[in-house]
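Residue-level structure breakdown
Next come the chains, spelled out residue by residue.
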There are 2 protein chains.
Amino acid sequence: MTKIVIVGGVAGGASAAARARRMSESAQIIMLERGEFISFANCGLPYHIGGDIAAREALLLQTPESFKKRFDVEVRVFNEVMSIDAIHKTLRVKNLLTGDSYEETYDKLLLSPGAAPVKPPIPGINSPHVFTLRNIADMDAIIAALAAHKPQHVTVVGGGFIGLEMVEALHQRGIRISLLELAPQVMAPVDPEMANVLHRELVNKGVELRLNTGLTEVNSRDNMPSEPEATDVYDKPSHHHTALALTLSTGQTLITDMVILAIGVKPEVSLANSAGLVLGERGGIKVDAGMRTSDPDIYAVGDAVETPDFVTGNAALVPLAGPANRQGRIAADNMLGLDKQYRRTQATAICKLFDLAIASTGLNEKSLQRLQLPYEKVYVHTASHAGYYPGAHPVTLKLLFDPNNGKILGAQAVGMDGIDKRIDVLAVAQRAGMTVRDLQDLELSYAPPFGSARDVVNQAGMVATNVLDGDEQICHVDEVASPSAEQVVLDVRNPPELTNVGAFPQALNIPVDQLRQRLGELPKDKEILVACQVGLRGHVAYRLLRQHGFKVRNLTGGFKTFQMTMAKF
Amino acid sequence: MTKIVIVGGVAGGASAAARARRMSESAQIIMLERGEFISFANCGLPYHIGGDIAAREALLLQTPESFKKRFDVEVRVFNEVMSIDAIHKTLRVKNLLTGDSYEETYDKLLLSPGAAPVKPPIPGINSPHVFTLRNIADMDAIIAALAAHKPQHVTVVGGGFIGLEMVEALHQRGIRISLLELAPQVMAPVDPEMANVLHRELVNKGVELRLNTGLTEVNSRDNMPSEPEATDVYDKPSHHHTALALTLSTGQTLITDMVILAIGVKPEVSLANSAGLVLGERGGIKVDAGMRTSDPDIYAVGDAVETPDFVTGNAALVPLAGPANRQGRIAADNMLGLDKQYRRTQATAICKLFDLAIASTGLNEKSLQRLQLPYEKVYVHTASHAGYYPGAHPVTLKLLFDPNNGKILGAQAVGMDGIDKRIDVLAVAQRAGMTVRDLQDLELSYAPPFGSARDVVNQAGMVATNVLDGDEQICHVDEVASPSAEQVVLDVRNPPELTNVGAFPQALNIPVDQLRQRLGELPKDKEILVACQVGLRGHVAYRLLRQHGFKVRNLTGGFKTFQMTMAKF
């Protein structure tokens, strides 16, 4: 009989416990959770704050009792593991309710401690008006504060998943919001031009967006309201509360009622570290493909561990629910003597922001540049389903691939409809080792309400294959934005589009449908950077010009990508 | 300079013309279309009839003028090719407006004639109240007839894509509908139990569904309304129209006002056949992977050609827009001297029916049985996104795989949300040669509004892998419906579920959470067929019982699959 002890009862830990029991009726399984709840829906927390998920109970997926009945797992909540004695295979556990501590033994130990919100050591950070959001207790505290203090203005610090979801949640409650982000963009997994679509959405929704801006100090500040004698309003108590004065990295001061700190998470490694387990280069617990730590009887899964990046194999911290679940299952099998392997992580992820979704898989361009890996990129902006059927919205898709062999390196998409589907399709294609050439031939489901005979992903594959095969040479926004003296930008859209949508600086305009007749207006001695709205007409013009002997390249993604890239927030 | 003539200006032909021009400015390209329109949205026709697509113009994607301007393609509409002289490489073309005919030459010829609605030679089939739907003219005729005769009741014959879409379109116009289908199920690409979900939807929407019923005769019938003297209503002209009396294969008579005949399409091969081109075993034009017919200078694409099935390589007729588009592109390249290859066809397809979508890819179980290929199947019924986030609906997914190596053979899904995404993901996985084992590890985008940490497809992969690895032995509905004397059915749901949802016949009921305590109630000498609502609790029970020495199998898909399978319409 194997005695398995699991530290942490959420995603990875809970998956492991259930799987372990299914694989072994004889194992003794104990789950130690320092919080009140196990297996709660941590991804749902912002949506309960915002009101989309009405019932708090909906977030509590399992209870210690239900886990005991279904899986015969002994769950001890409010039980924190203080230390591990890996030599004697014992744990020192503290019951947080009684304060008592006791020793527990294990044959196999699984660490699933998760990751904690980063809380920088800046003055005032421990103010009772500064919140983070990791668990049910955090959520309850935020909801209680919203109810008690009725903040008019909240500052969200950090524009990652939780920051953006909290912006939406607070917006739904009618609260004014400032969003601070130290980086030049929100949503770090995507590239800046894709994030600009979110920036635009935030601004459109009335969120005060401050990029390149960090929080350096939190000061309480009595807002000293006017007394009734001054306002002649006697029947409504004046709103007397303590507001915060935030000092920003820009030197400015921001007055706010409440702060949500969401600048990221760090793996919870203190227990692993004090037990002498090896940590990785990114600061997470180091594990092998079997989810084993440096101690053969201790496994670790979830947000606390490092896993190899799908493309590079480099260690990465990927705090996502899907991988945690899969890792839990694998660790359970291996603790029971099987040999299952976790595969590399693509970090496929998605975030809803108001009417938009943004999603990504694989590496982004920033990473490819940092790693100095060869890459090419194409953009397409194609309707989410047949344009003539109601409800189609553009899908803006960025596809990164290896220019030598066409391998998919990564993909990002943003839009109002069908974003999850396209990134899922590309995530499968990337995992399968497909190239952009294969994307052309994917047979995806098509009827007018759902897609197009030539889907967004097919389209991206065709464009990228044209590039790979040399059937199209492309250029990028930076070149069109400031062409050299040896280049001329040719806009092949129709003149009203330039007026209504916007024009490239310094561009010649000949509509694509007049191009054959007006070739004489183009210089043969210069490189022509052709551009249209999304890149399709530009491709037609490119092929035409090239065959007529012009030196030419086409702006991938056209004016839409130009506009996204050049936007300033 | 290559002279390319393209016969047929819709999907495949139009794609080929545009691609050919992009690849060659010097080629002469002529497109001959016997109808009035090129490149129209034939998939959108039912939606204009139903009113979802308000503007008829929205369906006309290109005009001869736009094609000329953009691609320098000479389009001749109302020009029908009467014969091909493959020796001299000439065509006899008839101008349908003038009645004149002329000769046209070609270097390379592309046939993209499509497929025509099947019209069986039954008495009365040519009644002016019997319609088919293939093109704009057909659509216009149906709309005109609906306006003129204001039919109260329409009979749709055939429950395929067009038949079902027409049912929905007519229903949206407030018309009562009978749907006749000769087969025991609608929507032939999916298996009967999946189609039953559509049958239920049709009946719920008030459609009179008659399965196993064909149309054998159409008779006109004067409905002889009451005259004003009989009704005392003088100011409203009585509705005097000629109704139809349909004789059905069941011997019954059905009175209706109008018939939409949608029993399938057959490839248009008369031109190819008379030119001596080789036809395939399925009656379509035979082409090689380069879309070449038996004449090296004649190519063919689209609904008229046979392509190899993805799994078996057997010739198949797949009249879908996506393959037609891709084939057109490939044919264009090859006519210009390149060497591109069309890959096998999975026939991924989707159909919307009222609030439901149903989709499939690869082979179905009926085909696997007919071909006597080894297969196993699993069902999952999982929420389209996190259950605690509003708007989740069950996705019912059937996954067919090779029990020897886990290769994906086919998949079908039905439900109200996320059907296209799951089938697309599985279509990519199948095309990539993935196994069900790989499906477990797919990293799909997850946030509560979009998916689950363990997506439907992951879930299906896990279940199938359990089967493949022998971690679970499953049984199917037929066994649970009539267990042998050596078997006992064990329902592990909670008693209220049996009352509210329905119970298995002859089943013992022990809730899964009480099973460990009540093992004594189970026979050790019989095989236990365990079942729950969707298969998940059944799996927990299966693992528990097996480890306690019972002989046991779990019903894949649980009561939900049982119910779908056993339903009678």
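As annotated in an unreviewed UniProt entry, chain A is NADPH-dependent 2,4-dienoyl-CoA reductase/sulfur reductase-like enzyme from Shewanella fodinae. Regarding chain A, the UniProt comment filed under Cofactor (unreviewed entry) reads as follows: "FAD".

Following both chains from N to C, one finds helix α16 (residues 536–547) of chain A and helix α1 (residues 11–23) of chain B inclined at 40°, their axes separated by 8 Å at the closest point. Here α1(B) runs oblique to α16(A), going by the angle between their axes. The segment α16(A) lies against α1(B), with A:His539, A:Val540, A:Arg543 and A:Gln547 engaging B:Arg21, B:Arg22 and B:Met23. Counted by class, the contact of α16(A) with α1(B) contains two nonpolar, two polar and three charged residues.

When chain A is fitted to chain B, the residual RMSD is 0.2 Å, and the transformation amounts to a turn of 180° plus an axial shift of 0.0 Å. Read as a symmetry element, the transformation amounts to a two-fold axis. Take the interface residues of chain A: 100% of them recur as interface residues in chain B, which is what a same-surface contact looks like.

For the rest of this paragraph, the subject is the pairing of strand β26 (residues 408–415) of chain B. A regular strand places its side chains so that they alternate between the two faces of the sheet. Residues and elements named next belong to chain B. The element β26 is extensively covered by neighbouring structure, given that eight of its eight residues are classed as buried. Note that strand β23 (residues 356–362) and β26 share six bridges and pair antiparallel. Bridge pairing in β26 places isoleucine 358 opposite valine 414. Counting the residues in the hairpin turn of strand β25 (residues 394–401) and β26 gives six residues, including glycine 406, whose phi is positive at 80°.

All names here are of chain A. Locating alanine 275 in the fold gives a position in the loop between α8 (270–274) and β18 (298–300). Note on alanine 275: relative accessible area 19%, which makes it buried. Separated by 191 residues in the primary sequence, alanine 275 and isoleucine 84 place their C-alpha atoms 5.4 Å from one another.

Quick reminder: α-helices carry 3.6 residues per turn. Residues three or four places apart thus point the same way. All names here are of chain B. The terminal C-alpha atoms of helix α11 (residues 419–431) lie 18 Å apart, and with 13 residues this matches the ideal 18 Å at 1.5 Å per residue to within 8%. α11 sits mainly inside the fold: 13 of its 13 residues count as buried. Where α11 ends, the next residue or the one after it, glycine 433, has phi of about 80°, a positive value.

Counting residues at the interface gives 82 residues for chain A and 82 residues for chain B. Summed over both sides, the interface between chain A and chain B buries roughly 7300 Å², with carbon and sulfur atoms accounting for 55% of that surface. If you look at where chain A meets chain B, you find 14 salt bridges. Here A:Lys421 and B:Asp420 are joined by a salt bridge, their closest N and O atoms 2.9 Å apart. Inspection of the region where chain A meets chain B yields 32 residue pairs in polar contact (both at pLDDT 80 or more). Only α1 (11–23), α3 (64–71), α9 (321–335), β21 (349–353), α11 (419–431), α12 (436–440), α13 (456–468) and α16 of chain A provide two or more residues apiece to the side of chain A that touches chain B. Take the side of chain A that touches chain B: its biggest share by element is eight residues, from α11(A). Counted by class, the side of chain A that touches chain B contains 37 nonpolar, 16 polar and 29 charged residues.

Moving on, we come to the sheet that holds strand β3 (residues 74–77) of chain B. Residues and elements named next belong to chain B. One open sheet holds the five strands; their spatial order is β3-β2-β1-β7-β19, and the pairing between them is parallel. Each edge of the open sheet carries a strand with a single partner, namely β3 and β19 (298–300). Going across the sheet, the axis of each strand differs from the next one's by a mean of 15°, ignoring polarity. Taken together, the four bridges between strand β1 (residues 3–7) and strand β7 (residues 108–111) define a ladder with parallel strand orientation. In the sheet register, isoleucine 4 faces β7, and the bridge partner there is lysine 108. Together, β1, β7 and β19 form the strand contacts of helix α9 (residues 321–335), whose direction differs from that of β7 by roughly 170°.

Residues and elements named next belong to chain A. Splitting chain A by domain gives domain 1 (3–116 + 265–335), domain 2 (130–261), domain 3 (355–468) and domain 4 (474–566). Here the C-alpha centre of domain 4 lies 23 Å away from the C-alpha centre of domain 3. Taken together, the contacts link ten residues of domain 3 with ten residues of domain 4. Carbon and sulfur atoms supply 62% of the area buried between domain 3 and domain 4, which totals about 870 Å² over both sides. Looking at the side of domain 3 facing domain 4, the largest losses of area belong to Lys377, Tyr379 and His381, adding up to 55% of the total buried there. For the pair domain 3 and domain 4, the number of links is five residue pairs in polar contact (both at pLDDT 80 or more). Looking at side-chain class alone, the side of domain 3 that touches domain 4 contains four nonpolar, four polar and two charged residues.

Criteria and thresholds
Residues numbered from 1 in each chain as written. Chains lettered and ligands numbered in written order. Predicted model: local features only at pLDDT ≥ 70, side-chain atom pairs only at ≥ 80, totals over all residues. Heavy atoms only, no water. UniProt positions renumbered as here; feature names shortened; annotations may be inferred. Axes fitted to C-alpha atoms, helices over the stretch in contact; angles between N-to-C directions. Helix = DSSP H or I, 4+ residues; strand = E, 2+ residues; numbered from the N terminus. Parallel < 35°, antiparallel > 145°, perpendicular 65-115°, else oblique. Contact = heavy atoms within 4.5 Å. Nonpolar A, V, L, I, M, F, W, Y, C, P; charged D, E, K, R; others polar. Least-squares fit on C-alpha atoms with pLDDT ≥ 70 in both. Buried < 20%, exposed > 50% of the residue type's maximum accessible area, 1.4 Å probe, protein only. Pairing = 2+ DSSP bridges. Expected span 1.5 Å × (residues − 1). Buried area = accessible area lost by both parts, 1.4 Å probe. Salt bridge = Lys/Arg side-chain N within 4 Å of Asp/Glu carboxyl O. Polar contact = N/O pair within 3.5 Å; in protein donor to acceptor, adjacent residues only side chain to side chain. Domains from an automatic or database assignment.

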